[in-house]
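What follows is each chain in one-letter form.
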Amino acid sequence: MKILLDPGHGAGNRYNRGFKQVDNLPYCNEGDCNYVYCRDYLKPALEKYGVEVEMTRKDIKDDPTLSERGKMGKGFDLLISCHSNAANGLASGVEIWDSTNTKESIKPLTDKICISISKALSIPNRGTRYRKQANGTNYYGVLRSGLAKHNFIIEHCFHDNWSDVIKYRKNLSKVADVTAKTIADYFKLTDFIPTIVKNLPKTANILPSITIAQAILESDWGRSELAQKAYNFFGIKASKEWTGKVYKKSTWEQRADGVKYEIKADFRKYNSISESIADHDNFFVSTDWRKKNYKRVLEAANYKEQALALRACGYATDLNYSDKLIRLIEEHKLYKYDKEIKMDRVSNWAKEAWDWAKEKGITDGTNPQGACTREQIIVMLKRYDEMIRKEIENED
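Everything numeric here is computed off the predicted structure, so don't read it as measured data.

## Considerations on the environment of Val259
And step 1. In this fold, Val259 is placed in the loop between β8 (245-254) and β9 (260-269).
And step 2. Along the primary structure Val259 and Arg169 are separated by 90 residues, whereas in three dimensions their C-alpha atoms are 44 Å apart.
And step 3. Not counting residues within four places of it along the chain, the set of residues in contact with Val259 comprises Glu253 and Gln254.

In structure tokens form, the structure reads like this:
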């Protein structure tokens, strides 16, 4: 699924078009607000469902012609031109201008989007609309030139109406989320991040935020050939000790000097996404060499440390691998999942005592952050008592 977002108009006061200033919030003119909404809210919301998203404006200052914007839609499933409306300061509501070309029209979807945004903002639903020129073609230039399979304009609210614009400007995230969900439901797309979260192990070696970010990056939101044909969401190769199924394909590597080169490689093939995630977490402790090589990764205290350690320890050859992971984690707030899982490692403050307890045989060294039953506590106390008695006997 490919969607081209078109943030309407250009930057600055030239495109204010009566946009009311809401509190001290930035970007209170239509061109800037359209751009920020698409870049920071709607694009990430759609990407969570595995949608490939691009924008007609690469920079906030860009202002392509309507014809150029429409033609950029070639090869995309949807071209969505994002706007807010203006009238006399009294009009209110959300409306969508669908293409008058019956082959491009997608009214069942645009009707649903109108309903979703109307409910989210508690503003009137003005519905799907159509406007033609005298010759019968689309009145709006971006639709007239639109080369996507389906092209439409969303007028999210009336920005010269105080009631509308306050609700819209303060709820960009909410509007983006309901719009993305409506599109995903219509095309039966899966929400990628919750799918990964649902399959995370309860006790882990790798932080959930890192696992999710790696799955996104390595599998291109589940769209990669490896993910689709081998359930391999992490790009893990089939090394010598691997006894499972193998999937052969070409892949790109990067040298330390930045030069990229293509190789053919064997990759691990799994039966399910849960199997892929479990093997990824176990990968870092699966051999003595890996335990030693990935020591920094396994001992990292937070996602930034772990992301940097992955690149330093050679997990990936991409020179920007760590930065890409950190950007994904912060953009999608993946760090929130780190609080919901027990890490199979000893906290720094307890390491000395844990090593001592292992050496003395008080604990077997497994599940350091697991909850203790009273039975387990009694057994450890008994082991400690036996250790003390033995030391006393030896002294005598």
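## Considering the layout of surface pockets
And step 1. By volume, the largest pocket amounts to about 890 Å³.
And step 2. Lining the largest pocket are 31 residues, and of these Glu218, Lys237, Thr251, Trp252 and Glu253 lie nearest its centre.
And step 3. Breaking the lining of the largest pocket down by element, the ones donating at least two residues are α8 (208-219), α9 (225-230), β8, β9, α11 (288-293) and α14 (321-331).
And step 4. The element that contributes the greatest number of residues to the lining of the largest pocket is β8, accounting for 6 residues.
And step 5. Its residues assigned to classes, the lining of the largest pocket shows 13 nonpolar, 9 polar and 9 charged.

## Some remarks on empty space enclosed by the protein
And step 1. Evaluated as defined, the whole model comprises 1 cavity of 30 Å³ or more.
And step 2. Approximately 40 Å³ is the volume found for the largest cavity.
And step 3. Taken together, Leu200, Pro201, Ala204, Ile206, Pro208, Thr211, Ile277, His280, Asp281 and Ile341 make up the lining of the largest cavity.
And step 4. Looking at the lining of the largest cavity, the elements with two or more residues in it are α8 and α10 (273-283).

## Topic: the packing of helix α1 (residues 30-47) against helix α6 (residues 172-187)
And step 1. Contact geometry for α1 and α6: axes closest at 9 Å, N-to-C directions at 50°. Relative to α6, the element α1 is oriented oblique. Of the two elements, α1 crosses α6, and the hand of that crossing is right-handed. When α1 is examined against α6, the residues Cys33, Tyr37, Tyr41, Leu42, Ala45 and Leu46 are found in contact with a partner set consisting of Leu172, Ser173, Val175, Ala176, Asp177, Thr179, Ala180 and Ile183.

## What about the packing of aromatic side chains?
And step 1. Under the defined criterion, the tally for this structure stands at 15 aromatic pairs.
And step 2. A ring pair is formed by Trp97 and Tyr140, whose centres lie 5.3 Å apart and whose planes are at 55°; its orientation type is tilted. In this pair, Trp97 sits in strand β4 (residues 94-98) while Tyr140 sits in the loop between β5 (125-129) and α4 (141-144), placing the two residues 43 residues apart along the sequence.
And step 3. Residues Phe192 and Phe233 carry aromatic rings whose centres are separated by 6.2 Å and whose planes lie at 35° to one another, so their mutual orientation is tilted. Taken together, the positions of Phe192 in helix α7 (residues 192-198) and Phe233 in the loop between α9 and β8 put the pair 41 residues apart, joining distant regions of the chain.

## Digging into the side chain of Asp6
And step 1. By the element assignment, Asp6 lies in strand β1 (residues 2-7).
And step 2. A polar atom in the side chain of Asp6 sits 2.7 Å from the side chain of Arg69.

## What to know about the pairing of β1
And step 1. When you tally the buried positions in β1, you get 5 out of 6 residues, the bulk of the element.
And step 2. Pairing geometry for β1 and strand β2 (residues 52-55), over 4 bridges, is parallel. Bridge pairing in β2 links Leu4 to Glu54.
And step 3. The β-α-β motif built from β1, the intervening α1 and the parallel element β2 has right-handed crossover chirality.
And step 4. Here β1 pairs with strand β3 (residues 78-85) via 5 bridges, running parallel. Across the sheet, Leu4 pairs through a bridge with Leu79, a residue of β3.

## Topic: unusual backbone geometry
And step 1. The phi angle at Arg17 is positive, at roughly 50°, despite the residue not being glycine.
And step 2. Along the chain, Arg17 turns up in the loop between β1 and α1.
And step 3. Backbone geometry at Tyr27 places phi at a positive 60°, although glycine is not the residue there.
And step 4. For Tyr27, the position within the fold is in the loop between β1 and α1.
And step 5. Of the residues examined, Tyr27 reaches a relative accessible area of 37% and is grouped as partly exposed.

## So, the packing of helix α3 (residues 107-121) against α6
And step 1. Two elements in contact, α3 and α6, have axes separated by 9 Å at closest approach and are oriented at 150°. The angle between the axes of α3 and α6 places the two elements in the roughly antiparallel class. Where α3 crosses over α6, the handedness of that crossing is right-handed. Contact with α3, carried on its side by Pro108, Leu109, Lys112, Ile113, Ser116, Ile117, Ala120 and Leu121, involves Lys174, Val175, Val178, Thr179, Thr182, Ile183, Tyr186 and Phe187 of α6 and no other residues of that element.
And step 2. Per-class residue counts for the contact of α3 with α6 are 11 nonpolar, 3 polar and 2 charged.

## Here we look at α14
And step 1. Among the residues of α14, those classed as buried are Tyr321, Ser322, Leu325, Ile326, Leu328 and Ile329. Each buried residue of α14 lies within a common arc of 160° when the element is viewed along its axis, so the set occupies one face.
And step 2. Of the surrounding secondary structure, the elements contacted by the buried residues of α14 are α8 and α13 (303-312).

## Describing the environment of Asp164
And step 1. Tracing the backbone shows Asp164 in helix α5 (residues 162-169).
And step 2. With a relative accessible area of 0%, Asp164 lands in the buried category.
And step 3. What Asp164 contacts, discounting residues up to four positions off in sequence, is Ala91, Ser92, Gly93, Ile123, Cys157 and Phe158.
And step 4. Here the side chain of Asp164 touches Phe158 through a polar contact of 3.0 Å, landing on its backbone nitrogen.

What counts, and at which threshold
- Per chain, residue numbering runs from 1 following the sequence as it is written.
- Given that this is a predicted model, residues contribute local features only at a pLDDT of at least 70 and side-chain atom pairs are listed and counted only at 80 or more, while totals for whole chains, interfaces and linings are drawn from all residues.
- Only hydrogens and water are set aside; all other atoms, that is, all heavy atoms of the structure, feed into the side-chain values.
- In DSSP terms, a helix is any run of H or I states spanning at least four residues, a strand is any run of E spanning at least two, and both are numbered starting from the N terminus.
- Residues are treated as being in contact if the distance between any of their heavy atoms lies within 4.5 Å.
- Points on a 1 Å grid, built from protein atoms alone, make a cavity when a 1.4 Å probe fits but cannot get out and make a pocket when they are open with protein on both sides within 12 Å along at least 5 of 7 lines; residues with an atom within 4 Å of a point are the lining residues.
- Grid points are joined across faces, edges and corners, and a volume is the space filled by probe spheres set on the points.
- Put simply, Ala, Val, Leu, Ile, Met, Phe, Trp, Tyr, Cys and Pro go in the nonpolar bin, Asp, Glu, Lys and Arg in the charged bin, and everything else, Gly too, in the polar bin.
- Convention adopted: a line fitted to C-alpha atoms gives each axis, helices being fitted over their contacting stretch, and angles between N-to-C directions are expressed from 0 to 180 degrees.
- In these notes the angle categories are as follows: under 35 degrees is roughly parallel, over 145 is roughly antiparallel, 65 to 115 is roughly perpendicular, and the rest is oblique.
- Helix crossings fall into two classes, left-handed where the near helix is turned counterclockwise from the far one by less than a right angle and right-handed where it is turned clockwise.
- In summary, the pairing rule links any two rings of Phe, Tyr or Trp, Trp by its six-membered ring, whose centres are within 6.5 Å, and it sorts them by plane angle into stacked for under 30 degrees, edge-to-face for over 60 and tilted for everything else.
- Polar contact is defined as a pair of N or O atoms within 3.5 Å, subject to the rule that within protein one atom must be able to donate a hydrogen and the other to accept it, and that residues adjacent in sequence are counted only when both atoms are side-chain atoms.
- Exposure categories follow from relative accessible area, calculated using a 1.4 Å probe and restricted to protein chains: below 20% of the type maximum is buried, above 50% is exposed, and the middle band is partly exposed.
- When DSSP finds two or more bridges between two strands, those strands count as paired.
- By convention, a crossover is right-handed whenever its connection, traced from the first strand over the helix to the second and viewed with the strands pointing away, goes clockwise.
- In this context, the arc is that of the directions from the helix axis out to the C-beta atoms.

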